[in-house]
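Understanding the architecture of this molecule
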Amino acid sequence: MIDVHLGPDDLARIRFARSPLAETVASVHVLGDPSRQEAFRPWLASVTPLLGGLRLELLGALVGGPHFSADFLTPAPEVAGAEFEAELERVRATPAAEVRASIDELRGDGPVPERLAGLYDDPERELGRLAEELAAYWRAAVRPVWPRLRALADADLGYRAQAVTTGGLAKLLADLHPGIERGGPGMRILTPAWDGEHLLRGCGLVLVPCVFAWPRLVMRFDEPRPSMFAYPPRGFATVWDRAPRTRGEPLGELIGHSRARLLAHLDLPLSTTQLAAEVGLTPAAVSQHLSVLRRTSLVTSRRDGRAVLYQRTSLATELLRQTG
């Protein structure tokens, strides 16, 4: 059990962000953990043939074991919508002392693993090689599914924002993760593997929805910088559903088959460009259909940076269910 103490400054600095780098590192952990692979079978089936030619010696040695991964691999996102390339540059620029401290934590009382000896001795030189491994792995294994991961994270972030607005910290923590409960001046992490307490000292906490963390809560305490908790987002079981759950032919006869297909794909929030790629229509055509669907209360929209995300309403979900 770990007690995490949150002072007034920490409470004011709790924020949410998504992180493609956190998803990437956590997915490497899935590759080496058979106990979690059943839930990721569709992803594993598609990605395994692509990994044979990749060299992941450093990355593989830094991920796994009781510590999940070396801390410097997953710095807390600085912005809500972090991009992979920007996060990768932060890893590449990690100070040598921080790299060595992370490896020391991984190895415990044992010697530095042979695969990590070069990184330990000369971090500045070897961090470039590590960044290349991360980039190659991201392109092969995670970038193809990132639109779905991002959409699920966006849906979860919208839900969490509403929870904070309507019920504060208590409601936020109520269903964030089964291993978290409200306790004392902060929260209590229910874990049999660790025992202790952490005082965040006003540094804040970043909460990151991470599909590949399932079913774990991945913690990184990083004072004096913000700490980070990566947790499985709501709707995890739907993330690999590439095909619509219902064909909706009768609904298509009523509102048009293109609009019915769009509704079927909008179980998660997606942009016009993402929808166009999924259903095989032009962005202009998708935009026209979405305008009609929004005016008839079948989809909602919200802005996320430069993008506008669309999601079907409960009315549209019921129509699909009744006509599927």
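This text gives an overview of the structure that appears in the document. For every chain, the first residue of its written sequence is number 1, and the numbers climb from 1 along that sequence. The predicted nature of this model means local features are confined to residues of pLDDT at least 70 and side-chain atom pairs, given and counted, to a pLDDT of 80 or more, with totals for whole chains, interfaces and linings taken over all residues. Only hydrogens and water are removed before side-chain values are computed, so all heavy atoms of the structure are retained for them.

Moving on, we get to the packing of helix H5 (residues 84-92) against helix H8 (residues 123-142). Interaxial angle, 0 to 180 degrees, is taken between N-to-C directions of lines fitted to C-alpha atoms, where a helix line uses only the stretch in contact. The secondary structure listing takes helices from DSSP runs of H or I that are at least 4 residues long and strands from runs of E that are at least 2 residues long, numbered from the N terminus. Where H5 meets H8, the axes come as close as 9 Å, and the angle between the chain directions of the two elements is 155 degrees. Between H5 and H8, the angle is such that the two are roughly antiparallel. Judged by the sense of rotation from one axis to the other, the crossing of H5 with H8 is right-handed. Across from Phe84, Glu85, Leu88, Val91 and Arg92 in H5, the residues of H8 making contact are Leu127, Gly128, Leu130, Ala131, Leu134, Ala135 and Trp138. Any angle that falls under 35 degrees is termed roughly parallel, while one over 145 is termed roughly antiparallel, one within 65 to 115 roughly perpendicular, and all others oblique. Handedness of a crossing is defined here by the sense of rotation of the near helix relative to the far one, left-handed for an anticlockwise turn of less than a right angle and right-handed for a clockwise turn. Contacts are assigned to residue pairs that have any heavy atoms within 4.5 Å of one another.

Now for unusual backbone geometry. It is generally the case that most residues other than glycine have a negative phi and that most peptide bonds are trans. Along the chain, tryptophan 214 connects to proline 215 via a cis peptide bond; the corresponding omega equals 0 degrees. Residue position: proline 215 is located in the loop between strand E6 (205-209) and strand E7 (218-220). Notably, serine 297 is not glycine yet its phi reads approximately 65 degrees, a positive angle. Note on placement: serine 297 falls in the loop between helix H13 (283-295) and strand E9 (299-304).

This part is about the environment of alanine 161. The topology assignment puts alanine 161 in helix H9 (residues 146-174). Along the primary structure alanine 161 and glutamine 37 are separated by 124 residues, whereas in three dimensions their C-alpha atoms are 31 Å apart.

Centres within 6.5 Å are what make two rings of Phe, Tyr or Trp a pair, Trp counting through its six-membered ring; a difference in plane orientation under 30 degrees is then read as stacked, over 60 as edge-to-face, and the rest as tilted. A full pass over the atoms with the stated rule returns eight aromatic pairs. Between the aromatic rings of tryptophan 214 and phenylalanine 236, the centroid separation amounts to 5.0 Å while the plane-to-plane angle is 5 degrees, which identifies the pairing as stacked. Here tryptophan 214 is found in the loop between E6 and E7, whereas its partner phenylalanine 236 is found in the loop between strand E8 (227-231) and helix H10 (249-255), with 22 residues between them in sequence. For every residue, the accessible area obtained with a 1.4 Å probe (protein chains only) is divided by the maximum for its type, and the residue is called buried under 20%, exposed over 50%, and partly exposed between those limits. Looking at phenylalanine 236, the relative accessible area reads 11%, which means it is buried.

Next up on the list: the pattern of salt bridges. Basic side-chain nitrogens of Lys or Arg form a salt bridge, by our definition, when they fall within 4 Å of a carboxyl oxygen of Asp or Glu. The tally for this structure, following the rule as stated, stands at 18 salt bridges. As a salt-bridge pair, glutamate 57 and arginine 129 come within 4.0 Å of each other at their nearest N and O atoms. Pair noted here: glutamate 57 is in helix H4 (residues 57-62) and arginine 129 is in helix H8, with a separation of 72 residues, a long-range link. Classification of arginine 129 by relative accessible area gives partly exposed; the value is 32%. Counted as one network, the salt bridges with shared partners bring together Arg55, Glu57, Asp122, Arg125, Glu126, Arg129 and Glu133.

The next subject is the side chain of aspartate 156. Summarising the element assignment, aspartate 156 is placed in helix H9. Not counting chain neighbours up to four residues away, the residues in contact with aspartate 156 comprise Pro209, Tyr231, Pro233 and Arg234.

So, on to the nonpolar core. Looking at soluble globular proteins, one finds that nonpolar side chains tend to be buried together. Among the nonpolar cores identified, the biggest contains 69 residues, and Trp43, Phe72, Leu73 and Leu130 are the most heavily contacted of them. Ranked by residue count, the leading element in this core is H8, at 10 residues. In this structure leucine 130 touches Leu58, Leu59, Leu62, Phe72, Leu73 and Val91, once residues within four positions along its chain are discounted. In this text, buried Ala, Val, Leu, Ile, Met, Phe, Trp, Tyr and Cys residues form a nonpolar core when linked through side-chain atoms within 4.5 Å. In terms of nonpolar packing, the next biggest core, distinct from the first, is built from 19 residues, Val4, Leu6, Met187 and Leu200 among them.

The side chains of a regular strand alternate, first on one face of the sheet and then on the other. With respect to burial, E6 is a largely interior element, five of its five residues being buried. With burial as the criterion, each face of E6 is covered, one bearing Leu205, Leu207 and Pro209 and the other bearing Val206 and Val208. When strand E2 (residues 14-16) meets E6, the two strands line up parallel, connected through three bridges. Along E6, the bridge assignment pairs phenylalanine 16 with leucine 207. Criterion used throughout: strands pair if DSSP finds at least two bridges between them. Bridge count between E6 and E8: five bridges; the pairing is parallel. Bridge pairing in E8 places valine 206 opposite methionine 228.

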